[in-house]
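Topology and contacts: notes
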4 protein chains.
Amino acid sequence: MFVLGRLLSGGACKRGVSLLRTRVAAPEVKTSVKRHSSGPGQRMDIRGIYPPIATPFTQKELVDYHKLEENLNKYSKIPFRGFVVQGSNGEYAYLTSEERVEVVRRVRQAVPKDKLVIAGSGCESSMATMQMSDQMAQAGVDAVLVVTPCFYRGRMDSRALIHHYTQVADACPVPVILYNVPGNTSLDLPVEAVVTLSQHPNIVGLKDSGGDITRIALIIHKTQNQDFQVLAGSAGFLLAAYSVGAVGGICALANILGQQVCQLEQLCVSGQWEKAKALQCRLIEPNAAVTRKFGIAALKQAMDWFGYHGGNCRSPLCPLTESETKQLQSDFTSNGWL
Amino acid sequence: MFVLGRLLSGGACKRGVSLLRTRVAAPEVKTSVKRHSSGPGQRMDIRGIYPPIATPFTQKELVDYHKLEENLNKYSKIPFRGFVVQGSNGEYAYLTSEERVEVVRRVRQAVPKDKLVIAGSGCESSMATMQMSDQMAQAGVDAVLVVTPCFYRGRMDSRALIHHYTQVADACPVPVILYNVPGNTSLDLPVEAVVTLSQHPNIVGLKDSGGDITRIALIIHKTQNQDFQVLAGSAGFLLAAYSVGAVGGICALANILGQQVCQLEQLCVSGQWEKAKALQCRLIEPNAAVTRKFGIAALKQAMDWFGYHGGNCRSPLCPLTESETKQLQSDFTSNGWL
Amino acid sequence: MFVLGRLLSGGACKRGVSLLRTRVAAPEVKTSVKRHSSGPGQRMDIRGIYPPIATPFTQKELVDYHKLEENLNKYSKIPFRGFVVQGSNGEYAYLTSEERVEVVRRVRQAVPKDKLVIAGSGCESSMATMQMSDQMAQAGVDAVLVVTPCFYRGRMDSRALIHHYTQVADACPVPVILYNVPGNTSLDLPVEAVVTLSQHPNIVGLKDSGGDITRIALIIHKTQNQDFQVLAGSAGFLLAAYSVGAVGGICALANILGQQVCQLEQLCVSGQWEKAKALQCRLIEPNAAVTRKFGIAALKQAMDWFGYHGGNCRSPLCPLTESETKQLQSDFTSNGWL
Amino acid sequence: MFVLGRLLSGGACKRGVSLLRTRVAAPEVKTSVKRHSSGPGQRMDIRGIYPPIATPFTQKELVDYHKLEENLNKYSKIPFRGFVVQGSNGEYAYLTSEERVEVVRRVRQAVPKDKLVIAGSGCESSMATMQMSDQMAQAGVDAVLVVTPCFYRGRMDSRALIHHYTQVADACPVPVILYNVPGNTSLDLPVEAVVTLSQHPNIVGLKDSGGDITRIALIIHKTQNQDFQVLAGSAGFLLAAYSVGAVGGICALANILGQQVCQLEQLCVSGQWEKAKALQCRLIEPNAAVTRKFGIAALKQAMDWFGYHGGNCRSPLCPLTESETKQLQSDFTSNGWL
């Protein structure tokens, strides 16, 4: 059985208390991103905007930790709530287990203590996911983000996924965030599974990258008594997600237009919907270009344009073709960002 | 070539002028559903909520015009903008050409003059669609709703669809509304096709039933200079659609909970987003139950429960099983509607 | 209830008896395409190759009956078992009800009495399908081919489809052939539904265009006691279909390379598998080009090249682009057909 | 650049020479499974039937090497060409890198020298795949089977996949077999990529589990000058695959009904198509039950019934429910296997 004390003590969870916060007590319109804890029994507050950071590589495709840290330094001026390490955009599927942990460790060291570090710890087997989650907790992350296992997707029904996440959350020293990304997994974590899992005290929320706003609204509705937090998995539907009750976003585009994504967050939480709408609309094409349309190679190319270290991907991800690069550029220029 | 005068004159378009209105001049927050025209050269204003009305049948599966009129009478107390006849929920695919026109004619006669009547006139061929659109215009409708032809979906690319809709809109005596309903057609009208078609003076908007809110926002963004109006095709994402700039909805659920859907519209257009969110969330499961989950048989069953004439569908649509009926009921009761 | 006598008498079924034949008594390796009847109580024999004929149109998109007859005259030299009128390649979805019947009537008049004429009579509603089937029977067809209704595909489960086909087959004066074409309908007629329907005395077989050979083999296996005949819906998998027990094919490519498709049939039924394989392989790319890849416009373009009347399609089907035409040509030349 | 000598020498490839064989010289009808080499410059002959062996686990979900060896001993009486270790059915996605190599090493030790051992070495990144392939070669395998990387499937086009497989095949000390399994990867290796890759001297063939027989025939046709060998990835379409030129199969069902799958092979290669058809048909439902329908848990359950060690899967794969177990049993009994 899960023991709450576990969450609140132990080396891996030193910052645990300070991150706890009651969502209930939050003012309806936030005007500041400051968060603080307010006592035991409440879940970690994960509200806000996070870039799912890219992993820079050397020409030989080794992790370039120096460039990674330089990127993080540049991000420190942006009012992000924290950083997600090894979301899909971090090419985590291409990293070894050792690299996954090491990248997380370096990020935790590089970013200020008041920024959350959330690490993608999902693997295909429950056993490996538990081990990885534990290692990442030891590396100092505040929470882990656990993608749905998907290779045997034909059998990944509610029963299997509830079992998987329960095992993982029971064992994990830090809070768990569910991660639904059907574009990569060809699998949707069923709503009923999310609702069941939202009752687990160590599962604090969901990152949903599918973009089905009806589904997102339904999940928020059906978990409303659980202090369960939903984060939009893309800047493309961030405003819509806020409109139905999401509390933040983990947005690839924030690697490039971080300030603007945070501004969109502020417009949403402060109820300035018309301005939010205008800004949201200008972010859709750039966002699509660096995600669904051209993928991580485009994300990294655009990072280069905007002063970050993007660079090449690990193979088999290929560089953009010339024509793709032009389209990418056009998706930024036509919306006034380049 | 399209002649604007055609839109503004002629027997079929008697009410045309009174429906024209500039969207630009609209106050940002509407507090009343009253609309009025403001001059030539502007497109018909289609803002508001419409039920895509169901078609009641006798036990022998003939159209029951009497019950149809009784339903319309009951709907007259609800602040709908108008009625959509032969959307997907009207079982139009099961009606003969003659029935399609006759149902439209009866509805036009039965509803007050200040209510818009929009008729689904889409057929597979351009030729048939033009004929049907013309007949429906003769029957007095204010606009036609033209579904994407889909049987040869492998060839229904932007080129084909732009050609189709241009032909239809050129010939049609009343304004045309595009209709994207991938759940039925297994086809998405490409965004680029919508953007091109939005420049046609006789194409006034789009009903999008797909629920991809990023797509809807992008369409609104890219047609913002065209006075092009987007209607949500489902109550499931109505709030989200308003949040990104949609101006109304054609919602199956409005056949049952019409007052509530109109209330949601009012909360959205008056900027009461928190209340809107609470109401929206309670509508998602009932809406899913009468659409995607159990289909038109469920819509009609629920209509019976709420005092309308639902009744049986045309074969091959089957009545609900006992178990489905129970789930349907539960989706209404658990949200406080039954 | 279905009455067998109905099948064997009545004006619409004059040739019924002569077409009946026991499949059981057939020699395992046929060396001739001659068929004959062998008594009452047996189902109509539908073995062999059929082109699902294209519908020529005039420049104004009206049915060109003269060209249609000229095509049929040219086909008379090819050992087809018969002709399918208004399969998907006949653009039936673009014809009015009246045109559908008239085309069928003309074909029946034009082709020799010993050729089967099978007409696509499927509509979305059961009622319309029954009427259309009846009209086509009156026009003299030997059997009707009934596509799965699909617009409300979310509800077209086994229950609905069994009900639909049973109603239609009960009422139909001529034998019914099921028609599964997921490429157009986005729906697969469930195997269990086929097995149930195979027991209906007036349902004689299935045209399966999906190309899932495991499914086809399973259907043949599970209906082996029903004298139920399966026809491949495409030349692309004709050999494979014969290898698991199919008895013929309705193949778009037979509109162009009719002699060759019939030759492939002969190689298969006479057990010359190596030769069959060589021929089969050369047909795959031309077949894909005129079906899945470029559709009916390509079929008609290639018909023109091979001396038939192809011509334009009804709108919204567009002519091929120049680049598509070149690829089409290449798919024929690279396999030695042009 | 690839050096053929590399294939024919070096520690990892000791049995390389003895496995080389010209496919051209093979008698059209094999009556024995014996194979031998016939000189340099030819590709490894991989014809025949292989079970993609399951991985037994202890109750604690550790690899049970003892049970694995007992299974292999039982399989030694069956005329398999060899064994595939860590196909999808081996739960390879749930094994650590170390376990993957160790399982392969144990299998190589346990099975007779004249049996091929083919190991699944695919990982998401090219780098990891090269390392894994090398380690497996060191462990003594005859060839590696490389699944398409798929997590970033939106970017896994021909360009990326050709690059990936070329890198891997250039570096790999043993021959490479391409592995297409869209049921797990939601990705189809494009035919054009297969055709290009078939020209690589160290890529000897393809395992295709998709079951699209037209695609399989086309690949065989377009690679006919390359001595490129295609293996069916499932017993469900084994006969059909042979009918179009496949040379063997890697069939999950061979873990259970190995003798029968080998018998089907013999009937196909000796041209006894009618008997083959009868046997093939009885294998479809059991095969579907242990693959697509109920997955690896069913495969292992049936292994238990047939005297092998199946046992539990690694989590999150769940045991069958009672109802699933009954259906599984029925799929075997109704075809006369239990």
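Residues numbered from 1 in each chain as written. Chains lettered and ligands numbered in written order. Predicted model: local features only at pLDDT ≥ 70, side-chain atom pairs only at ≥ 80, totals over all residues. Heavy atoms only, no water.

Before going further, it helps to spend a moment on the overall build of chain A. From N to C terminus, chain A includes 14 helices and 9 strands. As presented, chain A carries roughly 11400 Å² of accessible surface, and 53% of it is formed by carbon and sulfur atoms. (Helix = DSSP H or I, 4+ residues; strand = E, 2+ residues; numbered from the N terminus. Areas by Shrake-Rupley, 256 points an atom, 1.4 Å probe, with all protein chains shown as cover.)

Our focus in this paragraph is the UniProt feature "active site" (unreviewed entry) in chain A. Residues and elements named next belong to chain A. Under the present numbering, the feature "active site" (unreviewed entry) in UniProt falls on Tyr-179 and Lys-207. With the annotated positions falling across 29 residues, the maximum pairwise C-alpha distance of 4.8 Å places them together in a single cluster. With respect to the helices and strands, Tyr-179 occurs in strand β6 (residues 176–180). With relative accessibility at 3%, the residue Tyr-179 sits in the buried group. Setting aside its immediate chain neighbours within four residues, Tyr-179 contacts Gly-87, Ser-88, Leu-145, Val-146, Val-147, Thr-148, Tyr-165, Leu-206, Lys-207 and Ser-209. In this fold, Lys-207 is placed in strand β7 (residues 203–208). Beyond its immediate stretch of four places on either side in the chain, Lys-207 contacts Leu-145, Ile-177, Leu-178, Tyr-179, Asn-180, Leu-231, Gly-233 and Ile-250. One polar contact links Lys-207 to Tyr-179, side chain to side chain, over a distance of 3.3 Å. (UniProt positions renumbered as here; feature names shortened; annotations may be inferred. Buried < 20%, exposed > 50% of the residue type's maximum accessible area, 1.4 Å probe, protein only. Contact = heavy atoms within 4.5 Å. Polar contact = N/O pair within 3.5 Å; in protein donor to acceptor, adjacent residues only side chain to side chain.)

For the pair chain A and chain B, the relating rotation is 180°, the translation along its axis is 0.0 Å, and the fit reaches an RMSD of 0.0 Å. Look at the turn and shift together and you get a two-fold axis relating the two. Among all C-alpha atoms of chain A, that of A:Ala240 lies closest to the rotation axis, at 2.5 Å. Residue by residue, 100% of the interface of chain A is reproduced at the interface of chain B, so both copies engage with the same surface. (Least-squares fit on C-alpha atoms with pLDDT ≥ 70 in both.)

Here the focus is the packing of helix α12 (residues 273–293) of chain C against helix α14 (residues 322–333) of chain C. All names here are of chain C. Packing of α12 against α14 leaves a shortest axis separation of 7 Å and a crossing angle of 150°. Considering the angle they form, α12 stands roughly antiparallel to α14. Across the interface between the two elements, Glu-285, Pro-286, Ala-289, Val-290 and Lys-293 from α12 touch Gln-327, Leu-328, Asp-331 and Phe-332 from α14. Across the contact of α12 with α14, the residue classes break down as 5 nonpolar, 1 polar and 3 charged. (Axes fitted to C-alpha atoms, helices over the stretch in contact; angles between N-to-C directions. Parallel < 35°, antiparallel > 145°, perpendicular 65-115°, else oblique. Nonpolar A, V, L, I, M, F, W, Y, C, P; charged D, E, K, R; others polar.)

Here the focus is the pattern of salt bridges. All names here are of chain A. This structure, assessed with the given rule, holds 60 salt bridges over all chains. Between Arg-314 and Glu-99 there is a salt bridge, with the nearest N and O atoms lying 2.7 Å from each other. Taken as a pair, Arg-314 in the loop between α13 (295–305) and α14 (322–333) and Glu-99 in helix α4 (residues 97–110) lie far apart in primary sequence, 215 residues in all. Neither Arg-314 nor Glu-99 differs from the other in exposure class; each is buried. Among the ionic pairs, Lys-277 bridges to Glu-274, the shortest N-O distance being 3.3 Å. (Salt bridge = Lys/Arg side-chain N within 4 Å of Asp/Glu carboxyl O.)

Right, let's get into α14(A). Residue and element names in this part refer to chain A. In this model, α14 (12 residues) spans 16 Å end to end at C-alpha, consistent with the 16 Å of a helix rising 1.5 Å per residue. When α14 is considered as a whole, its buried residues turn out to be Glu-324, Thr-325, Leu-328, Asp-331 and Phe-332. Each buried residue of α14 sits inside an arc of 120° when the element is viewed along its axis, so together they form one side. Of the residues in α14, the exposed ones pointing more than 90 degrees away from the buried face are Glu-322 and Lys-326. (Expected span 1.5 Å × (residues − 1). Arc of directions from axis to C-beta.)

Superposing chain D onto chain A requires a rotation of 180° together with a translation of 0.0 Å along the rotation axis, leaving an RMSD of 0.0 Å. In this assembly the copies share their binding face: 100% of the residues contributing to the interface of chain D also contribute to that of chain A.

Residue and element names in this part refer to chain A. Judged by how many residues are buried, strand β5 (residues 143–147) sits mostly within the fold: 5 of 5 residues are covered. The two faces of β5 match: Ala-143, Leu-145 and Val-147 on one face and Val-144 and Val-146 on the other face are all buried. Both strand β4 (residues 116–120) and β5 contribute to a ladder of 3 bridges, which runs parallel. Within the sheet, the bridge partner assigned to Gly-120 lies in β5 and is Leu-145. Viewed along the sheet, the connection from β4 through helix α5 (residues 126–138) into β5 turns out right-handed. As paired strands, β5 and β6 are joined by 4 bridges and run parallel to one another. (Pairing = 2+ DSSP bridges. Right-handed = clockwise from strand over helix to strand, strands pointing away.)

What follows is about the packing of helix α3 (residues 65–75) of chain D against helix α4 (residues 97–110) of chain D. The axes of two packed helices give the description: the angle between them and the distance between them. Residues and elements named next belong to chain D. It is the contact of α3 with α4, at a shortest axis distance of 10 Å, that shows an interaxial angle of 40°. Put simply, α3 runs oblique to α4. Considering only the axes of α3 and α4, their crossing is right-handed. Contacts between α3 and α4 involve Tyr-65, Leu-68, Glu-69 and Leu-72 from the first element and Glu-99, Glu-102, Val-103, Arg-106, Val-107 and Ala-110 from the second. (Left-handed = near helix turned anticlockwise from the far one by under 90°.)

A few words on the sheet that holds β4(A). Residues and elements named next belong to chain A. Taken in spatial order, the 9 strands of this open sheet run β1-β9-β8-β7-β6-β5-β4-β3-β2, and their pairing is parallel. The sheet is open, and its two edges are formed by β1 (48–50) and β2 (52–53), each paired on a single side. Note: strand β8 (residues 229–232) against strand β9 (residues 248–250), 2 bridges, orientation parallel. The residue bridging Ala-232 from the neighbouring strand is Gly-249, located in β9.

Glancing now at the pairing of β7(A). Residue and element names in this part refer to chain A. Most of β7 sits inside the fold, with 6 of its 6 residues counted as buried. Bridge count for β7 against β8 is 4 bridges, and the pairing is parallel. Its bridge partner being in β8, Lys-207 is matched across the sheet by Leu-231. Crossover connection from β7 via helix α9 (residues 213–222) to parallel β8: handedness right-handed.

For the rest of this paragraph, the subject is the environment of D:Leu206. All names here are of chain D. Position of Leu-206 among the secondary structure elements: in strand β7 (residues 203–208). Accessibility expressed as a relative area gives 0% for Leu-206, which makes it buried. Distance from Leu-206 to Arg-292, taken between C-alpha atoms, is 20 Å for residues 86 residues apart in sequence. Dropping the residues within four chain positions of it, Leu-206 is found in contact with Ile-177, Leu-178, Tyr-179, Asn-180, Leu-189, Val-194, Ile-219, Phe-228, Gln-229, Val-230 and Leu-231.

Another point: the interface of chain D and chain A. Chain D puts 39 residues into the contact, and the matching count from chain A is 39 residues. Three residues stand out in chain D for area buried against chain A, namely D:Phe151, D:Tyr152 and D:Arg155, and they jointly supply 23% of the buried area on that side. Seen at the junction of chain D and chain A, the total is 4 salt bridges. The interface formed by chain D and chain A includes 21 residue pairs in polar contact (both at pLDDT 80 or more). Secondary structure elements with two or more residues in the side of chain D that touches chain A: α5 (126–138), α6 (158–171), α7 (182–185) and α13 (295–305) of chain D. Per-element accounting of the side of chain D that touches chain A gives the leading share, 5 residues, to α6(D). The residue inventory of the side of chain D that touches chain A, partitioned by class, reads 16 nonpolar, 13 polar and 10 charged. (Buried area = accessible area lost by both parts, 1.4 Å probe.)

Here we come to the interface of chain A and chain B. Contacts between the two partners involve 23 residues from chain A and, on the opposite side, 23 residues from chain B. Summed over both sides, the interface between chain A and chain B buries roughly 2100 Å², with carbon and sulfur atoms accounting for 65% of that surface. For the side of chain A that touches chain B, the secondary structure elements donating two or more residues are α9, α10 (238–243) and α12 (273–293) of chain A. Looking at which element gives the most residues to the side of chain A that touches chain B, the answer is α12(A), with 7 residues. The residue makeup of the side of chain A that touches chain B, split by class, is 10 nonpolar, 7 polar and 6 charged.

Here the structure, examined in full by the defined rule, presents 34 aromatic pairs over all chains. Their ring planes at 50° and their centres at 5.5 Å tell us that C:Trp273 and D:Trp273 sit as a pair that is tilted. Of this pair, C:Trp273 sits in helix α12 while D:Trp273 sits in helix α12 (residues 273–293), which puts the two residues in different chains. The exposure class of C:Trp273 is buried, given its relative accessible area of 14%. The ring of A:Trp337 carries A:Arg282 above its face, with NZ or CZ at 3.9 Å from the centroid. (Phe/Tyr/Trp six-rings, centres within 6.5 Å; stacked < 30°, edge-to-face > 60°. Lys NZ or Arg CZ within 6 Å of the ring centre and 35° of its normal.)

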